[in-house]
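# Chain and residue survey
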Amino acid sequence: MNLRSLALALVLSLTIAASSHGDVPLPANVLNPPTAPEAWNVIRLASANVERLLQEKRLSEVITQIPLCSPALRTLAKDEKSPERGFRLKKQLQRGLTLTDGVAAASVANDLAAATKAFGEWRDFLRELEKEF
């Protein structure tokens, strides 16, 4: 198993564990947003939560928020208006997933500096992705 697969497995297991202890179950449209506008809503809300958690140095809780962006990114990648745009979106999706993995991994490692840096790269990525929409 490569490092990326191991990191994804860790993120998934922690997300499942964290969600089983949550006060309110997440609606299906958050876990799997069906439209691009709903996907952007999930990304913006989860990103705002991560930003706040980093400011408050609550790294252990970041892992419950940043993984919510992955299904939303997959929804955005399906918003193909042309083959060229579809190719571009899928390429950006891969980068976005790598960036969410970086934020999650740094948070799990309890490395505030690395998590903050990774989150900054995530924010830069989102600004670029928004230009497609």
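Going by the structure above, here's the rest.
What you see is a predicted model, and the numbers here were worked out from it, not measured in a lab.

A word on helix α7 (residues 112-130). Given a rise of 1.5 Å per residue, 19 residues ought to cover 27 Å, and the 27 Å separating the end C-alpha atoms of α7 matches this to within 8%. Among all positions of α7, only A115, A118, F119, W122, F125, L126 and L129 are buried. All buried residues of α7 project into a common sector of 115° when viewed along the axis, lining one side. Along α7, exposed side chains directed more than 90 degrees from the buried face belong to A113 and K117. Tucked into the core, α7 has its buried residues touching α3 (36-55), α4 (59-62), α5 (69-77) and α6 (83-108). A distance of 3.3 Å separates the backbone nitrogen of A113 from a side-chain oxygen at the start of α7, and that oxygen is part of D111.

Under the criterion given, the structure shown has 2 aromatic pairs. Here W40 and F133 contribute two aromatic rings whose centre-to-centre distance is 5.7 Å and whose plane-to-plane angle is 75°, an arrangement assigned as edge-to-face. Within this pair, whereas W40 is found in helix α3, its partner F133 is found in the segment after α7, the two being separated by 93 residues in sequence. With relative accessibility at 6%, the residue W40 sits in the buried group.

Here the focus is the packing of α6 against α7. Between α6 and α7, the shortest axis-to-axis distance is 8 Å and the interhelical angle comes to 160°. The angle between the axes of α6 and α7 places the two elements in the roughly antiparallel class. Crossing geometry of α6 relative to α7 is assigned as left-handed. Packed against α6, whose contacting residues are L89, Q92, R95, G96, L99, T100, G102, V103, A106 and S107, the element α7 presents A114, A115, A118, F119, E121, W122, F125, E128 and L129 at the interface. Residues of the contact of α6 with α7, tallied by class, amount to 11 nonpolar, 5 polar and 3 charged.

Among the nonpolar cores identified, the biggest contains 33 residues, and I43, I66, L73, V103 and W122 are the most heavily contacted of them. Those elements giving two or more residues to this core turn out to be α3, α4, α5, α6 and α7. Among the elements that take part in this core, α3 stands out by supplying 9 residues, more than any other. Leave out the neighbours within four places in its chain, and W122 touches I43, S47, I66, C69, L73, G96, L99, T100 and V103.

The rules behind each value
- Residues numbered from 1 in each chain as written.
- Predicted model: local features only at pLDDT ≥ 70, side-chain atom pairs only at ≥ 80, totals over all residues.
- Heavy atoms only, no water.
- Helix = DSSP H or I, 4+ residues; strand = E, 2+ residues; numbered from the N terminus.
- Expected span 1.5 Å × (residues − 1).
- Buried < 20%, exposed > 50% of the residue type's maximum accessible area, 1.4 Å probe, protein only.
- Arc of directions from axis to C-beta.
- Contact = heavy atoms within 4.5 Å.
- Polar contact = N/O pair within 3.5 Å; in protein donor to acceptor, adjacent residues only side chain to side chain.
- Phe/Tyr/Trp six-rings, centres within 6.5 Å; stacked < 30°, edge-to-face > 60°.
- Axes fitted to C-alpha atoms, helices over the stretch in contact; angles between N-to-C directions.
- Parallel < 35°, antiparallel > 145°, perpendicular 65-115°, else oblique.
- Left-handed = near helix turned anticlockwise from the far one by under 90°.
- Nonpolar A, V, L, I, M, F, W, Y, C, P; charged D, E, K, R; others polar.
- Core = buried A, V, L, I, M, F, W, Y, C linked by side-chain atoms within 4.5 Å.

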